[in-house]
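Chain residues, written in single-letter form:
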Amino acid sequence: MAKKDYYEVLGVPKGSPLEDIKKAYRKLAIQYHPDKNAGNKEAEEKFKEATEAYEILADPKKRQAYDQFGFAGVEGMGGGGAQDFSNVFRDFEDIFGDFSGIFDSFFGGGGRRRPGREAVHRGADLRYNLDIKFEEAVFGTKKEISFTKNQACSACGGSGAESGSGKRVCSTCGGSGQVRRSSGFFSIASACPTCGGEGYVIENPCGSCGGSGLMKKVQKIKVTIPPGIESGKRINIPKQGEAGPNGGPPGDLYVYIQVKAHPHFERDNTDIYCVIPISFTQAALGTEIFVTTLDDKKVKVKVPSGTQNGKILRLKNEGIPYLHNSSRRGDMYIKILVQVPPRVSAKAKSLLQELAELQGEESSPKPIKLSELR
């Protein structure tokens, strides 16, 4: 199969500056690195392909030869099929900088550090699922929640070491936090098994936290629920997540809101809908009814004479407050349900028959267009 142009492989135009080539290779190397795509042969080939392209285009002499003569110009120079990537991996850190900030997610933890330098990382974020009533979501409320999280050990102050003792450089990795293994033509770094990627070991671990520097604690806080919040929204509470190792800053707490259904009202953005039953005489003659709103107010609503089943009436500004502007509210929509009595008295039956004769009811009614019902 014909080889792809090196510029095409990296996705950069010919003549691109070295910095753009580095950025393009960095993106592809992270995406297709073998440690991140274990057992994926296609990803491994793409990684090799991108590395070969970078090895040629990052070297001024090789790039000049390639630009002038193509693959033939770089035969025997480490590219064009030679698969000699030693120069690339010597310069790997120049491309990626500190591994700890880039490959932590798939190198198993600690990055590459200088001896004696402790890793200070932000603590993990936490999630809390909170169920609230429909009315609480509409008008806002305050809820006290309780959850368990890691906090800095009070006995050792988060250091993980007993008082009077300290930490020493890991003898396995020399403080780098990484050990390397060879896999074919390239070298792969992974977290040191002795120190877990920290670069140091604790001589005398704290008896209270076992050397982790962290302890579980039940935390109680009050959460303010803003008016108008919808189900599925989240509230971010900074610095209420897990404490970071080695005194690192805590993560955040994310409270996810789940709103319980209301027996009478249904929400659509900032509007609410309900169904109100009336008799067929009220619908025919017209009437005034009192409807209870979300605020538990009794509002007078005029039902016009000749109101049909399913007609929608609107009450302005009786809906849901806007989430970031509670002075504004949506509308309340009332769907009229005309109820037919299941049983009628003899007198009522006689009156209805008289009404039918006066109305001249159709014995062979024609179908209604479905579009009129929408």
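Residues numbered from 1 in each chain as written. Predicted model: local features only at pLDDT ≥ 70, side-chain atom pairs only at ≥ 80, totals over all residues. Heavy atoms only, no water.

**Side note on the sheet that holds strand β8 (residues 234–237)**
Consideration 1: Read across the sheet, three strands follow the order β1-β9-β8 without closing on themselves; strand pairing throughout is mixed. At either margin of the open sheet sits one strand with a lone partner, and together these are β1 (126–132) and β8. In this sheet, adjacent strand axes meet at a mean angle of 25° when their direction is disregarded.
Consideration 2: Of the pairings in the sheet, the one linking β8 to strand β9 (residues 253–259) comprises four bridges and is antiparallel in character. Looking across to β9, one finds that R234 is bridged to Y256. (Pairing = 2+ DSSP bridges. Helix = DSSP H or I, 4+ residues; strand = E, 2+ residues; numbered from the N terminus. Axes fitted to C-alpha atoms, helices over the stretch in contact; angles between N-to-C directions.)

**Considering the nonpolar core**
Consideration 1: By size, the foremost hydrophobic cluster in this structure holds 35 residues, and its most contacted members are V255, I257 and I334.
Consideration 2: A total of four residues in this core trace back to one element, the largest contributor, which is β9.
Consideration 3: Sequence-distant contacts of V255, defined by excluding residues within four places in its chain, comprise Y128, L130, I145, V223, K233, R234, I235 and I237.
Consideration 4: L28, Y32, A43 and Y54 belong to the second-largest nonpolar core, a separate cluster that totals 21 residues. (Core = buried A, V, L, I, M, F, W, Y, C linked by side-chain atoms within 4.5 Å. Buried < 20%, exposed > 50% of the residue type's maximum accessible area, 1.4 Å probe, protein only. Contact = heavy atoms within 4.5 Å.)

**Topic: the environment of R127**
Consideration 1: Within the secondary structure layout, R127 lies in strand β1.
Consideration 2: Setting aside anything within four residues of it in sequence, one finds R127 in contact with L253, Y254 and Y256.
Consideration 3: Separated by 2.9 Å, the side chains of R127 and N129 make a polar contact. (Polar contact = N/O pair within 3.5 Å; in protein donor to acceptor, adjacent residues only side chain to side chain.)

**Thoughts on the pairing of β9**
Consideration 1: Burial of β9 is extensive: five of the seven residues sit out of reach of the surface.
Consideration 2: Two elements, β1 and β9, share seven bridges in a ladder whose sense is parallel. The residue bridging Y128 from the neighbouring strand is V255, located in β9.

**Some words on the sheet that holds strand β17 (residues 332–339)**
Consideration 1: Spatially, the four strands line up as an open sheet ordered β10-β11-β17-β14, and their pairing is mixed. One side of each edge strand has no neighbouring strand; the edge strands of this open sheet are β10 (266–268) and β14 (312–315). Looking at each pair of strands side by side, their axes are set apart by 35° on average, direction ignored.
Consideration 2: Strand direction decides the pairing type here: β10 and strand β11 (residues 271–279), joined by three bridges, are antiparallel. Directly across from E266, in β11, lies its bridge partner Y273.

**Observations concerning the environment of F290**
Consideration 1: As for its position among the elements, F290 is in strand β12 (residues 287–292).
Consideration 2: On the basis of relative accessibility, which here comes to 55%, the residue F290 falls in the exposed class.
Consideration 3: Considering only alpha carbons, one finds F290 and K302, 12 residues apart in sequence, at a separation of 8.8 Å.
Consideration 4: Those residues in contact with F290 that sit more than four places away from it in its chain are V299 and K300.

**Description of the packing of helix α2 (residues 18–32) against helix α3 (residues 41–57)**
Consideration 1: Remark: α2 packs on α3, axes separated minimally by 9 Å, with the N-to-C direction vectors making an angle of 165°. In this view, α2 runs roughly antiparallel relative to α3, as classed from their interaxial angle. The handedness of the crossing between α2 and α3 is left-handed. Contacts between α2 and α3 involve L18, I21, K22, Y25, L28, A29 and Y32 from the first element and A43, K46, F47, A50, T51, Y54 and L57 from the second.
Consideration 2: The residue makeup of the contact of α2 with α3, split by class, is 11 nonpolar, one polar and two charged. (Parallel < 35°, antiparallel > 145°, perpendicular 65-115°, else oblique. Left-handed = near helix turned anticlockwise from the far one by under 90°. Nonpolar A, V, L, I, M, F, W, Y, C, P; charged D, E, K, R; others polar.)

**Focus: helix α10 (residues 346–359)**
Consideration 1: An ideal rise of 1.5 Å per residue puts 20 Å on 14 residues; α10 measures up with 20 Å between its terminal C-alpha atoms.
Consideration 2: Where α10 ends, the next residue or the one after it, G360, has phi of about 65°, a positive value. (Expected span 1.5 Å × (residues − 1).)

**Digging into the side chain of N150**
Consideration 1: By secondary structure assignment, the location of N150 is in strand β2 (residues 141–152).
Consideration 2: Residues contacting N150, with those up to four places away along its chain left out, are L214, M215, K216, G241, E242 and A243.

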